[in-house]
Every structure is written in C-alpha cells, then in structure tokens.
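# Descriptive analysis of the structure
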Amino acid sequence: MADFFNDTWDISMSVIPDFNNDSKTGNSFLQKQSSHCSAARGDNSFFGLSDNVRALILKYKGIEKLYEWQEKCLNLPAVKKRQNLVYSLPTSGGKTLVAEILMLKELILHKNNVIFVLPFVALAQEKVHSLSPFALDLEFYVEEYIGGKGVYPPKKHRKRSVYVCTTEKAAGLIESLLETNRLDEVGMLVIDEVHLIGDASRGPVLEMMLSKLMYVSKNMHIIAMSATVGNLNEISRFLNAQLYNHDFRPVELIEYMKYENKVFRVERNSEKGCNIVQDRVLVENYTPEMKKIDPAFLGLLVHEVIPDDSCLVFCSTKKLCSSFAILICRISMRPLREIKVQEKKALLETMQEENQGNVDEILKKTIPYGVAFHHSGLTNAERKLLEEAFISGTISCICCTSTLAAGVNLPAKRVIISSPYVGMDFLKLSTYKQMSGRAGRTGLTSAGESFLLCEERDMSKVLELLNSSMNCCNSQLTRKNFVNLTMGAIGLKIATTLCDLEKLYSCTLNVIQNESNDIKQTVIQSVNDLDDSEAIIKKENDKFCLTSMAKAAQAANLDINEAKQIYKDLFEAVDSGLLLSNNLHLFYLITPYTAIEDVRLARDVYISV
C-alpha cells in the first residue's frame, strides 16, 4: 500500500499545461456526434443561420452533426413562430446546444439581446467561458451578471449582448429594464434547469420573475429546459409554451446497486418497472488494513476504471468529499503517482499561483494520484482548474457534492453515488437521475456506468425510489412572496390596481396549480398586508403607489418589515449619537438581521446551559 501520508512533492515545474489544447486531449473530450445522428442539412442554411455558424460550432465544440431530436426540436412550430418552448431530455442529451443555436438566431437574425439564466454561479461562469469565442467571431457581447458583476440597467451598445445571469441577478436585471422601459431590447429569455422553480430557496424568485414577464411581455421568446420535470404539462401551461419531450441519451447508461460486496444490475422494464439482478461479487484483494479503511469497497470500484478512464464520486456532505479523496489514494493499487507526473506538478503550481501560494493541504496530497475533491469550499479558481484537469485527463477521479450534477459539463465513464442520502434526506429520483446521468462520454465510451452504494436496510427504499415517478415541480410561493410580488409590481407600475393585480396573480404557477384558490381574496390579503406595513398609498383613481420607505426597500431588495426595522434602528442610532469613526458601531448597523438573530439565539442557548 502506498505510504500516502509520508509522500511529498517537489513543486518546481514552471510549465503550465494548456488544458484547452484540442490537438491532444481537449478535442477528444468534446461532443463527437458522429453516431446516432441525422445528416446535416444539405442546403447552405443552418436553421436560418449561415454556414459560418455551423463551422464555428464544429471549431469550438467539435460537433459536426446534430442529433435527430435536436433537428426536430429546432424545426418545431414554436421555434419557427418565435413562440415559447419547454423541452426536456435526460442529462447529457445535448439540450444546451439547441438553446445556444436559438440564442444565435435571436442575436443575428432578429437583432435582439438575450438573457441566459442559470441556477448556480459555477454554471454561469462556465457558460460565459463557452460563449466567449462565438462572441468574438460573431461580434456580440457576453456580459456577466454573476456575484458582484453586472450593471443595472445594462449599458447600451451598438452590438447585441447575451446577459449570462444567476437567478437572482436575472430578476434584478429584468426589473431594471422594466423600470427604464427597455424590456423590448431583450427578445429571448433562456432558463436552464427550470425545474428549480420548485426549489424552496430559488423557486419563488424564478416564479415571480417569469410571472411578471408573462404578464407584461407579449413578444419575448421564452425557452425553458430541464432534465428532471415530472409535471411538464403544468410548466408549459404556465409559460404558454409548446412542449417537447424526448428520452434520448447519446450513450447507454448501465445502472448498478451495491451493498456489502455484492453488485446488482438494475433492469428496467416498461411494464414491470425496475428490478435488480445480482451481477457479480467484488473480488476481495484487500489487505486487512485496506479493508478496515474501505469496508464499502468504494476505492475498489474507483480503481477498476482509473486512470485509463474517469470517475465521479458523489458524496452526501462536503466533508466526505475530502475524506473519500484521501481514502482512494490510501488504497491505491496501481502506480498512479507515476502517470502524468509533469502535468500534475504543473497543475499544483498553477493552483499556487492562482491562490497566492495557498493550496488546500489535502489536494496537495491527492492530486499526485490524479484524485481531487470539488465543492463550494474551494475557490472559483481551484474549481475551474480541477474541472479543466479532469477534462484533459490529468485528474481521473473527482469526489464531489450533488450540485456538480446540476450542469457543469464533467461526464465520466463511471459515476459512484456513495450513499442514497443527500445530507440527512433520502435521494429524490430527480437528483439520482442527474447524478447517474453524468456517466458516459460521447465518442469515447459505448456506455456509462452508475453505482449506487447502499446498506441492506436501505434496499427496499432504493427500489421504491427507482420505481417512483419523476418529482413534480410545485410552486413555492408563500403569502410573504405574494406580498413582495405585489409591492414589486406596484413599484414598477406594471400592476397598480386590484384588477391589474388579479391578472398578474393569474400568471403565476401557484394559481395554475391551485385553480380553486380565490385570486381576488389573495390580492386583497396582500394589499392589506402592505397597507398595514405602511408600504402603499391609494390614490383617488384607485391606483396604488409605494411610500418612500417601500421604494427604498424595493431598491435594496429588502422585505418591507425588515426595511422598517432598519429605518427605526438608524433613527435610534442618530439620536444616541451615531459614531461614524467607530468601526464596531458601523459593523453592527450593516449586519443582516438574520445574523443578529442567530447570535442572539446562540447567546440565549449558552446562558441557559
């Protein structure tokens, strides 16, 4: 067994690998759609675009031909008439390329800006990176609305722009365009992972943003895509969109379950559902020490494929990501340290340069083995370098959390789901599909493999999971969200009367899914809540407008009651002698109230103990 903890590296290499070099490794991992594809269109038109666009897709994505479903989707009536479209396919089916071709049509043919909404910062940053070469050749801008980046309202340019946004930033961007009467500059809105409208945290923001657009805009072309939606009909009805659904996967997915040392193959039958059949028994060539370190044989399953092929290990917590990375290295049964030595040294050196000499101590130990971990605890630079190293083959195994399955393009020969739990919660079918769907690399493997590791007591629940229906996407709007929606609509002057607000509410997914609800009563309740909070004033023409405090709350994206508390605290601070030179005083004033409540709760618990 490798003396893992005593191994050290002489990081003295100055050569930095070019992970984007197509000549050796990069291009081999691009989507080679040479099989299971339809022939390219015979004329000089690429869905209305020039052959230059087709050539750029080949140049930057390695895609020569489209899949049959992609051509069919791009020729749907909704696309030709610029109507809204919802489409769904399994992970790795090629959904994003369709959206990108539609965006290019909007930019080049219709001369309109495009908003591309992605749920996670990492996905948005990846999209900025992949669109940038097209922007240079086709002369449009790619503008980031990620983290602290982005200007409200956006600057006007002679050239068209793609605004790549996270959900919250997209909502702010659209509100700024509404406020300045510039929404007509945007001709298309693309929503990736639209099923997250059912997420408790992001869902309300996404639903309120889309509801406003459905209410005010009759010309914007909305494209929504997802791999995991159980109630597509409701989503398409909400967006007044044509629905397209397909079960295409570019490579076969073979699913396995494992408990103890037994591996079971998952067999799917359309009539009988899923059942499991024993496939093999893992050969125990572990020493007693190795078996003690890895009783679940996780490392054995990883070492069956690396370093010749790649492997993703999904972990239920961030802490387990680093723990499993260490485990895989400690039971190394092949000379992993002797493979791509120079590339690994160069990767570590690059990470040191990006982080001013600070590299995670565990990564220093695992990267020489071609193993790493990936989660939100790493810096953006570290995550990006590890992703590029995985694509190039310098890293052959990444231990990660389930968020990596949501869209970062890192397919692998084998995917291992280390537990049927995410945190304390049992897996949902949608999450399982996303993770297992990362198995299989188009053009490199004929099939992908997914392994779900579980204990015998979980077998019945896992079988129930595999035979369950896809999760439905349900509205997460609460009474508080409706109040915020009402205040935002009044502030933007898009709905200022009770009648207008009723029409706006009828555009929400919440009302579509709960048709028995009394819309008028819900509107009156929200208006009364705002009136009680001194947020609105009713004018003689029965129109509502916001008070000064409510306008400030809306501009700062604050709840009206939180804004009132801040206003009160500021006045008390002034009366008590506000000390602008006192950093602690200023720190208290800018601390979010949620954080203050957490501190107070911790203090109360400490006192009680």
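Cut-off values and rules
Residues numbered from 1 in each chain as written. Predicted model: local features only at pLDDT ≥ 70, side-chain atom pairs only at ≥ 80, totals over all residues. Heavy atoms only, no water. Buried < 20%, exposed > 50% of the residue type's maximum accessible area, 1.4 Å probe, protein only. Helix = DSSP H or I, 4+ residues; strand = E, 2+ residues; numbered from the N terminus. Pairing = 2+ DSSP bridges. Axes fitted to C-alpha atoms, helices over the stretch in contact; angles between N-to-C directions. Contact = heavy atoms within 4.5 Å. Salt bridge = Lys/Arg side-chain N within 4 Å of Asp/Glu carboxyl O. Phe/Tyr/Trp six-rings, centres within 6.5 Å; stacked < 30°, edge-to-face > 60°. Lys, Arg positive; Asp, Glu negative; His and termini not counted. Expected span 1.5 Å × (residues − 1).

### As for the pairing of strand E14 (residues 414-417)
With burial as the criterion, each face of E14 is covered, one bearing Arg414 and Ile416 and the other bearing Val415 and Ile417. Pairing between strand E11 (residues 311-314) and E14: four bridges, direction parallel. Its bridge partner lying in E14, Phe314 is registered against Ile417. Relative to strand E17 (residues 447-453), E14 runs parallel, the two sharing four bridges. Of the residues in E17, the one forming a bridge with Ile417 is Leu452.

### What to know about the sheet that holds strand E12 (residues 371-374)
Read across the sheet, eight strands follow the order E10-E9-E8-E17-E14-E11-E13-E12 without closing on themselves; strand pairing throughout is mixed. This sheet does not close on itself; its edge strands, each paired only once, are strand E10 (273-281) and E12. Averaged over all pairs of adjacent strands, the angle between strand axes in this sheet comes to 25°, irrespective of strand direction. Helix H15 (residues 380-392) rests against E11, E12 and strand E13 (397-400) of the sheet, and its axis sits at about 135° to E12. Here helix H16 (residues 429-436) sits on the sheet and contacts strand E8 (252-259), strand E9 (262-269), E11, E14 and E17; the angle it forms with E14, its principal contact strand, is near 145°.

### Let's talk about the pattern of salt bridges
When charged atoms on two side chains of opposite charge get close, those side chains can pair. In total, this model carries 19 salt bridges according to the counting rule given. One salt bridge connects Asp279 with Arg280, and the closest N-O pair in it is separated by 3.9 Å. Residue classification places Asp279 among the partly exposed positions, given a relative accessible area of 37%. When its relative accessible area of 27% is taken as the criterion, Arg280 is described as partly exposed. In this structure, a network of salt bridges that share partners links the residues Asp279, Arg280, Glu304, Arg414 and Glu449.

### Remarks on the packing of aromatic side chains
For the structure shown, the criterion picks out twelve aromatic pairs. A ring pair is formed by Tyr67 and Phe248, whose centres lie 4.6 Å apart and whose planes are at 50°; its orientation type is tilted. A residue pair is termed long-range when its members are at least 10 positions apart, and Tyr67 in the loop between helix H2 (51-61) and helix H3 (68-74) and Phe248 in the loop between strand E7 (242-245) and E8 qualify at 181 residues. Given the relative accessible area of 1%, Tyr67 is considered buried. For Phe248, a relative accessible area of 14% corresponds to the buried category. Note on Tyr259 and Phe264: the rings are 5.6 Å apart at their centroids and 5° apart in plane angle, and the pair reads as stacked. For the residue pair Tyr259 and Phe264, the accessibility class agrees, reading buried in each case.

### Digging into the side chain of Lys169
Tracing the backbone through its elements, the reader meets Lys169 in helix H7 (residues 167-179). One buried charged residue, Lys169, remains without a salt bridge, the closest side chain of opposite sign being Glu168 at 9.3 Å. Ignoring any residue separated from it by four or fewer positions in sequence, one finds Lys169 in contact with Tyr145, Ile146, Gly147, Gly148, Lys149 and Tyr152.

### Let's talk about the environment of Ala535
By the element assignment, Ala535 lies in the loop between helix H21 (519-532) and strand E18 (536-538). In the structure, Ala535 is positioned 26 residues away from Asn561 in sequence and 9.2 Å away in space, judged by C-alpha atoms. What Ala535 contacts, discounting residues up to four positions off in sequence, is Met487, Leu530, Cys545, Leu546, Thr547, Ala550 and Ile560.

### Structural notes on unusual backbone geometry
In the segment running from Tyr152 into Pro153, the intervening peptide bond is cis, with an omega of -15°. Structurally, Pro153 is set in the loop between strand E3 (141-145) and strand E4 (161-166). Of note, the bond from Ile306 into Pro307 is cis; its omega dihedral lies within 30 degrees of zero at 5°. Position of Pro307 among the secondary structure elements: in the loop between helix H11 (298-303) and E11. Not every positive phi belongs to a glycine, and Asn240 is a case in point at roughly 50°. Tracing the chain through its elements places Asn240 in the loop between helix H9 (232-238) and E7. Unlike most non-glycine residues, Asp542 shows phi in positive territory, near 65°.

### Looking at helix H12 (residues 318-330)
If you check H12, its first and last C-alpha atoms are 19 Å apart, about what 13 residues at 1.5 Å a residue would give, namely 18 Å. All of the buried residues in H12 are Cys321, Ser322, Phe324, Ala325, Ile326, Leu327, Ile328 and Cys329. For H12, the secondary structure elements touched by its buried residues are helix H10 (288-293), H11, E11, helix H14 (361-366), E12 and E13.

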